[in-house]
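Below, each chain spelled out in residue letters.
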Amino acid sequence: MKVFLILVIVAMVLGVIGATVDGLLYLLAVGILVFVSALVYLGMHGRRTGRRRLR
């Protein structure tokens, strides 16, 4: 969960910098990619930790 939160914070910071600073629009795209990768990470790891094997 820590990795997900760190990735979301990084995506937000990159997105804000990319949207406000003139000429750094590529940072907005990188921020969106980091956010999407954070969602994929959460989807992959959220399923495994939620279920346990019953014997």
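For the structure itself, look to the data block above.
Residues numbered from 1 in each chain as written. Predicted model: local features only at pLDDT ≥ 70, side-chain atom pairs only at ≥ 80, totals over all residues. Heavy atoms only, no water.

Run through the overall build of the chain, naming residues and quoting values.
Scanning the chain from N- to C-terminus turns up two helices and zero strands. Each of the 55 residues in the chain was classed as buried or not, and the buried ones make up 18%. Surface exposure of the chain reaches about 4800 Å², of which carbon and sulfur atoms provide 70%. (Helix = DSSP H or I, 4+ residues; strand = E, 2+ residues; numbered from the N terminus. Buried < 20%, exposed > 50% of the residue type's maximum accessible area, 1.4 Å probe, protein only. Areas by Shrake-Rupley, 256 points an atom, 1.4 Å probe, with all protein chains shown as cover.)

Give me the lowdown on helix α1 (residues 2-20), citing residues and values where you can.
The first and last C-alpha atoms of α1 sit 27 Å apart over 19 residues, in line with the 27 Å expected at 1.5 Å per residue. For α1, the set of buried residues is Phe4, Val8, Ala11, Leu14, Gly15 and Gly18. Each buried residue of α1 lies within a common arc of 135 degrees when the element is viewed along its axis, so the set occupies one face. Structural note: α1 exposes Lys2, Ile6, Ile9, Met12, Val16 and Thr20 on the side pointing more than 90 degrees away from its buried face. (Expected span 1.5 Å × (residues − 1). Arc of directions from axis to C-beta.)

Describe the environment of His45, listing the residues and the values that go with them.
Tracing the backbone shows His45 in helix α2 (residues 25-50). In this structure His45 comes out as partly exposed when scored by relative accessible area, which is 30%.

Break down the environment of Val13 for me, citing the residues and quoting the values.
On the secondary structure map, Val13 appears in helix α1. Owing to a relative accessible area of 45%, Val13 belongs among the partly exposed residues under this scheme. For Val13 and Leu27, which are 14 residues apart along the polypeptide, the C-alpha to C-alpha distance reads 9.3 Å.

How would you summarise a nonpolar patch on the surface if you had to cite specific residues and measurements?
Taken together, the side chains of Ile32, Phe35, Val36, Leu39, Val40 and Met44 make up a nonpolar region of the molecular surface, amounting to roughly 540 Å² of accessible area. Mapped onto the elements, Phe35 comes out in helix α2. (Patch = residues over 30% accessible without salt bridge, like charges linked within 9 Å, V, L, I, M, F, W, Y side chains within 5 Å. Salt bridge = Lys/Arg side-chain N within 4 Å of Asp/Glu carboxyl O.)

Let's hear about the environment of Ile9: which residues, and what values?
Examined against the element boundaries, Ile9 turns out to sit in helix α1. Ile9 gets classed as exposed once you look at its relative accessible area, which sits at 52%. Sequence separation of Ile9 and Gly31 is 22 residues, and the distance between their C-alpha atoms is 9.5 Å.

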